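# Reading the structure
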Amino acid sequence: YYDGSAGLGSGNGGKHIFRTSSSAGGGVVGYDTPTTYRGASSATHTYAHTVDTNNSRLLLVNVFIGDNTTTISSITYGGVALTQRLRRTQGTVIGNEVWYLVAPTSGTANVVITLSGSQSVRSNAISAYNVKQDTPILASDSNAGYGTSAFVSITGTTVNSSVIDFLAKQTDTETPTQDGTQTT
């Protein structure tokens, strides 16, 4: 999993989960090195991410926003617009969005997040390869809750598919752990 936090409030959490499909060539879905970003209050956040030169690429960008009323107006990678997949809010203190781009250009480019107003964010970018380009995300779901448990699941299996999940936590002192039903 890849975790991040808006750093505000206490006792809130959210989780998004995705299952990707493998490319027609049947290769196993793999991942490049993820990038994590933390930004102070601003309407625009920019950080560099590298997409390796693998085949059949997919870029996922997860953004944890410091409140639930600020939304993402756009995200670009190297000037190319991403598509929103999910938006989830929890109480009054956190918003969480996931965006994606099929076939991002390989190399290092900027992820630019434009918000509807100034707010602090945490973001994760991860690029996958050997992903089927016409249906890169087979399923997705999200959940949010207070306390110590953030649980969400996707059922069904597809040969060579892969599951990606993003977990939001409220403070840097919290340590997320997986239970016995999740493998990494």
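Treat the numbers as computed from the prediction; the structure is a model and nothing was measured.

## Thoughts on the pairing of strand E5 (residues 58-65)
Burial within E5 is extensive, with eight of its eight residues counted as buried. When E5 meets strand E9 (residues 94-102), the two strands line up antiparallel, connected through eight bridges. Each residue of the ladder has a partner; that of Ile 65, found in E9, is Gly 95. With eight bridges joining them, E5 and strand E10 (residues 107-129) adopt antiparallel strand pairing. Residue pairing across strands places Phe 64 opposite Arg 122, the latter belonging to E10.

## Details of the nonpolar core
In terms of nonpolar packing, the biggest core is built from 19 residues, with Val 61 and Ile 75 touching the most fellow members. When residues of this core are traced back to their parent elements, those giving at least two are strand E4 (35-51), E5, strand E6 (72-77), E9 and E10. Top element by residues in this core is E10. It accounts for six residues. Residues in contact with Val 61, not counting those within four places in the same chain, are Tyr 47, Ile 75, Leu 82, Glu 97, Val 98, Trp 99, Val 111, Ser 123, Asn 124 and Ala 125. Grouped together as the second largest cluster of nonpolar side chains are eight residues, Leu 58, Tyr 100, Ile 126 and Ala 128 included.

## Some thoughts on the packing of aromatic side chains
Within the structure shown, the criterion is met by one aromatic pair. Aromatic pair Tyr 37 and Tyr 47: ring centres 4.9 Å apart, planes at 10°, arrangement stacked. For Tyr 37, a relative accessible area of 17% gives the class buried.

Calculation notes
- Residues numbered from 1 in each chain as written.
- Predicted model: local features only at pLDDT ≥ 70, side-chain atom pairs only at ≥ 80, totals over all residues.
- Heavy atoms only, no water.
- Buried < 20%, exposed > 50% of the residue type's maximum accessible area, 1.4 Å probe, protein only.
- Helix = DSSP H or I, 4+ residues; strand = E, 2+ residues; numbered from the N terminus.
- Pairing = 2+ DSSP bridges.
- Core = buried A, V, L, I, M, F, W, Y, C linked by side-chain atoms within 4.5 Å.
- Contact = heavy atoms within 4.5 Å.
- Phe/Tyr/Trp six-rings, centres within 6.5 Å; stacked < 30°, edge-to-face > 60°.

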